[in-house]
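Structural features, examined
Listed below, chain by chain, are the residues.
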Amino acid sequence: MSDRAVLHVKGRVLVGPDDVRDELWVVGGRISYERPTGARDIRTVGGWALPGLVDAHCHVGLDAHGPVPDDVSEKQALTDREAGTLLIRDAGSPSDTRWIDDRADLPKIIRAGRHIARTRRYIRNYAHEIEPDDLVAYVAQEARRGDGWVKLVGDWIDRETGDLSACWPREAAAAAIAEAHRLGARVTAHCFAEDSLRDLVEAGIDCVEHATGLTEETIPLFASRGVAIVPTLVNIATFPQLAAGGETKFPRWSAHMRALHERRYDTVRAAYDAGVPVYVGTDAGGSLAHGLVAGEVAELVTAGIPPVEALSATAWGARRWLGRPGLDEGAPADLVVYEGDPRADVRVLAAPRRVVLNGRVVG
């Protein structure tokens, strides 16, 4: 498809869950709802069109052992693209992936810089490992290096107690979050367990990843403060396997992980019912494969979130939350076309008919 070619997307264009149009045009890589005059080189794609999907918890440039070479990062990004993920919030990576911004054929990335964790309290080679006195300085550093987000590790296993526990004193977290906000960045945190959540929310955090430790006491706090969660249920599905691996050395931690897993769907549904914003994220890149966005949407539906709301959590609502356009007039043409209506059955997300990125058909 040449730079002068026009793409005609025809069928049902889901500009919003209730804003459905018959067609759109892509001219010069951007969306138009007016037929271009004098266009001769026109390519037509038919089906149900959605804004490019969002994976709001993904790690490009990272695998189970730490940073990866650029060619591996490229394969990760291409795998996400083929699944229809065209916007990624990279929730922590030690790799420099800025070169991806110069590639019009790869998904757009919003970076949170590198994870910030307590010393020896996270996966080796992933994070800046520091103590609370240095938290403000490191948050400021990553706020300047990222794209408007900073990622903390809010809890992790404490080898002395043999269970998950909070990583940061409340005062240190509050000062660091205030510094990130001063610099124009939002803050999110990895949290599996219960005991870090109240302190982080009352310290002003903007989002919590996983959030398996939410309870009837903390869910109303999240709702009243508008703190979003990204449940990563396709990752939480691995908890029983993790628990089995740690049973001998850390039996208390293993039992805790199994309990968090067993109530995962109830936790997510209770949060949604209370008005907590919920968004789609897969946690791809560590030990999890890329390209799982459709599976995560299906998991949210299994948890009891209505299909259209689960769809919004990776499409219209997710893009609005991240400050990026959808299928708006004049916006970059990043969209995915499906055989059927994803509002009726989110399983169609697993089989994109066409993927269009920056106005070009790339898949």
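Residue positions are given per chain, counting from 1 as you read along its sequence in written order. Whole-chain, interface and lining totals are the exception, using all residues; otherwise, since this is a predicted model, local features are given only for residues with pLDDT of at least 70 and side-chain atom pairs are given and counted only at 80 or more. To get the side-chain values, take all heavy atoms of the structure and skip hydrogens and water.

Counting 77 residues, the largest nonpolar core has L50, L135, L152, I205, F222 and L300 as its most contacted members. Contacts are residue-level and defined by heavy atoms, with any inter-residue pair within 4.5 Å sufficient. Discounting residues that sit within four places of it in the chain, F222 has contacts with L197, V201, V208, L214, V227, I229 and V276. Throughout this description, the term nonpolar core refers to a set of buried Ala, Val, Leu, Ile, Met, Phe, Trp, Tyr and Cys residues connected via side-chain atoms within 4.5 Å. Categorising residues by exposure relies on relative accessible area from a 1.4 Å probe, with only protein chains included: less than 20% of the type maximum marks a residue as buried, more than 50% marks it as exposed, and the intermediate range marks it as partly exposed.

We now examine the confidence of the model for the protein chain. Every residue is assigned a pLDDT by the predictor, reflecting its confidence on a scale from 0 to 100. Here the protein chain averages 96 in pLDDT, while 99% of its residues score no lower than 70. Ranking the helices and strands of the protein chain by mean pLDDT puts strand β17 (residues 228–230) first, with 99, and strand β4 (residues 42–51) last, with 95. Each helix corresponds to a stretch of at least 4 residues labelled H or I by DSSP, and each strand to a stretch of at least 2 residues labelled E; elements are numbered beginning at the N terminus.

Turning next to the environment of E247. Looking at the secondary structure, you find E247 in the loop between α7 (239–246) and α8 (251–262). With near-sequence residues (within four places) excluded, E247 lies in contact with S254 and R258.

Expected span, for any helix, means 1.5 Å times one less than how many residues it has. Counted at 1.5 Å a residue, the expected span for α8 with its twelve residues is 16 Å, and the 17 Å between its end C-alpha atoms agrees. Residues of α8 that are buried include every one of W253, S254, H256, M257, L260 and H261, and no others. On an axial view of α8, the arc spanned by its buried residues comes to 160°, and they lie on one face. Exposed and oriented more than 90 degrees from the buried face of α8 are R252 and E262. By construction, the arc corresponds to the directions joining the helix axis to the C-beta atoms.

Turning our eyes to something else, we now look at unusual backbone geometry. Negative phi values dominate among residues other than glycine, just as trans dominates among peptide bonds. The residue R120 is not glycine, and still its phi comes out positive at about 55°. By secondary structure assignment, the location of R120 is in the loop between β10 (116–118) and β11 (128–130). The residue N358 is not glycine, and still its phi comes out positive at about 55°. Examined against the element boundaries, N358 turns out to sit in the loop between β19 (354–357) and β20 (360–361). Taking relative accessible area as the criterion, N358 reaches 27% and is therefore assigned partly exposed.

Okay, the sheet that holds strand β2 (residues 20–27) next. For sheets, the rule is that strands pair by backbone hydrogen bonds, running either parallel or antiparallel. The rule for pairing is simple: two strands pair if DSSP sees at least two bridges between them. In space, the seven strands of this open sheet follow the order β3-β2-β1-β4-β18-β19-β20, with mixed pairing throughout. At either margin of the open sheet sits one strand with a lone partner, and together these are β3 (30–32) and β20. In this structure, β4 lies alongside strand β18 (residues 335–338), joined through four bridges in antiparallel fashion. Looking at the pairing, A49 lines up with V337 of β18.

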